[in-house]
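Understanding the architecture of this molecule
Single-letter residue listing:
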Amino acid sequence: MERGLLWLPLLIAFFWLAWQGSKEYQKVEAYKIWAGQFERAKYDIYAVLGQKDNNLTWGKPTPKGIINLETFSLLDVKKIHLLVDGKIVNIAAHPTKGRAIELEFIIAESANSSIHIPFTEIPLAVKWAEYLQGALQNLLEEQTLS
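Owing to the predicted nature of the structure, the values given are computational and were not obtained by experimental measurement.

**Focus on the sheet that holds strand β6 (residues 87–89)**
Reading across from one edge, β6-β5-β7-β8 is the order of the 4 strands in this open sheet, with antiparallel pairing throughout. If you trace the sheet from one side to the other, it starts and ends with β6 and β8 (114–119), each paired once. When strand polarity is set aside, the average angle formed by the axes of neighbouring strands in this sheet is 40°. Examined bridge by bridge, strand β5 (residues 77–84) and β6 share 3 bridges and lie antiparallel to one another. Residue Leu-83 lies in a different strand from β6, and its bridge partner there is Ile-88. Against the sheet, helix α2 (residues 122–145) makes contact with β5, β7 (101–107) and β8, and its axis sits at roughly 165° relative to β5, the strand it touches most.

Written as structure tokens, this is what we have:
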């Protein structure tokens, strides 16, 4: 009986880990279905992000699907910043560590309006920031030529 009591916590931990793995698998499968409609998409535990044409859609992944979806256009964005621990950082010389990593989109409509999309990894956020800043620059150049 003592041996059984010693193995019980290990058995409970095993079932808990299997349950957590199942939940994460369901999140990833829901993301795969959702991401099929976009040209470019990213998944991490904090947020999903998808781009189709000039529109960006983001939300929170759950085992039942993506929730709290928001969509905005790059045409409405004035600036894109990479924030690490609440501070704007240079994309070319970004830090290697940080707790809170976000892309901040400053909306042109009002000076106080911004959208923050969280990331888990700085390199992934940097790649998205570089790509989106390039896309934004191309859009601005097209608007000035028109």
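Picking up after the structure, the text goes on.
**Quick word on the sheet that holds strand β3 (residues 55–62)**
Spatially, β1-β2-β3-β4 is the arrangement adopted by the 4 strands of the open sheet, whose pairing is antiparallel. Of all the strands in the sheet, just β1 (40–43) and β4 (65–73) have a single pairing partner and so form its edges. For this sheet the average axis-to-axis angle between neighbouring strands, irrespective of direction, equals 15°. As paired elements, strand β2 (residues 48–52) and β3 share 5 bridges and run antiparallel to each other. Among the inter-strand pairings, Val-48 is bridged to a residue of β3, identified as Gly-59. Strand contacts of helix α1 (residues 2–35): β1, β2, β3 and β4, with the helix running at about 170° to β1, the strand carrying the most contacts. Across the sheet, α2 is in contact with β1, β2 and β3; its angle to β1 comes to roughly 160°.

How each quantity is defined
- Residues numbered from 1 in each chain as written.
- Predicted model: local features only at pLDDT ≥ 70, side-chain atom pairs only at ≥ 80, totals over all residues.
- Heavy atoms only, no water.
- Pairing = 2+ DSSP bridges.
- Helix = DSSP H or I, 4+ residues; strand = E, 2+ residues; numbered from the N terminus.
- Axes fitted to C-alpha atoms, helices over the stretch in contact; angles between N-to-C directions.
- Contact = heavy atoms within 4.5 Å.

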